[in-house]
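# What the coordinates show
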Amino acid sequence: MRSPIRFGICGLGRFGVVHGHFFSENRARYQPVAFCDLDVARAVAAAEKFGGTAYADFASFLANPELELAIIATPSLEHARNAEQALTAGKTVLLEKPIGVTAADYTL
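The structure displayed is predicted, hence computed values, not measured ones.

## Details of the pattern of salt bridges
A full pass over the atoms with the stated rule returns three salt bridges. Two residues, Asp37 and Arg42, come together in a salt bridge whose shortest N-O distance is 3.8 Å. Residue classification places Asp37 among the buried residues on the basis of a relative accessible area of 10%. What makes Arg42 partly exposed here is its relative accessible area of 41%. Of the charged contacts, one joins Glu78 and Arg81 as a salt bridge, the two residues approaching to 2.2 Å between their closest N and O atoms.

Given below as C-alpha cells:
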C-alpha cells in the first residue's frame, strides 16, 4: 500500500475548512500535516481538529519538510502568487478557482 499524501491547507475560511474535512476523512490516502492562515486562531483550530502544525506565515508553512500537497484556499487575488511560491518550494498544488484575476496571473 502506498503512503498517504501529506497535505496542508493555506486559507482556512469556509472553503479551506471544507477541504480539511474532505481530505481528512480518508486517512489511508491523505495525512494532514500543516495548516496556515493569517488568523492564527483559525490555523490552530484546524491543526487541533485535523492534526498537524499551525502556521500564520506562508513561507514557514511551505518550509515544512513533511508537506507534499499544498492546498491553496486563500482569497482569489492571492491565488497566482501563492501557487507560484508553493510550486517554487517543490510542492504539488491544488488551487481553487480562479487561478488568477488578471491576464498576467496566467503567465506563470
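## Here's the deal with helix α2 (residues 40–50)
Burial in α2 covers these residues: Ala43, Ala46, Ala47 and Phe50. One side of α2 holds all its buried residues, which, seen down the axis, span an arc of 100 degrees. Facing away from the buried side of α2 by over 90 degrees, the exposed positions are Ala41, Glu48 and Lys49. At its buried positions, α2 is contacted by α1 (14–24), β2 (30–36) and β3 (53–55). Downstream of α2 by one or two residues, Gly51 has phi in the positive range, about 100 degrees.

## Focus on the nonpolar core
Counting 13 residues, the largest nonpolar core has Phe7, Ile9, Leu12, Phe23, Phe35 and Ile71 as the members making the most contacts within it. At the level of elements, β1 (5–10), β2, α2 and β4 (69–72) are the ones that each hand at least two residues to this core. A total of four residues in this core trace back to one element, the largest contributor, which is α2. Listed in part, the twelve residues of the second largest apolar core include Cys10, Leu62, Leu67 and Ile72.

How each quantity is defined
- The written sequence of each chain sets the order in which its residues are numbered from 1.
- For a predicted model such as this one, the threshold for reporting local features is a pLDDT of at least 70, and the threshold for listing and counting side-chain atom pairs is 80 or more; totals across whole chains, interfaces and linings nevertheless cover every residue.
- Side-chain calculation: all heavy atoms of the structure are included, whereas hydrogens and water are not.
- Put simply, a salt bridge is a Lys or Arg side-chain nitrogen that is within 4 Å of an Asp or Glu carboxyl oxygen.
- For each residue, the accessible area found with a 1.4 Å probe, counting protein chains only, is set against the maximum for its type, and the residue is called buried under 20%, exposed over 50%, and partly exposed in between.
- Going along the chain from the N terminus, every DSSP run of H or I of four or more residues is numbered as a helix, and every run of E of two or more is numbered as a strand.
- Read the arc as the range of directions from the helix axis to the C-beta atoms.
- Whether two residues are in contact is decided by their heavy atoms: any pair within 4.5 Å suffices.
- Buried residues of nine kinds, namely Ala, Val, Leu, Ile, Met, Phe, Trp, Tyr and Cys, make up a nonpolar core once their side-chain atoms join them within 4.5 Å.

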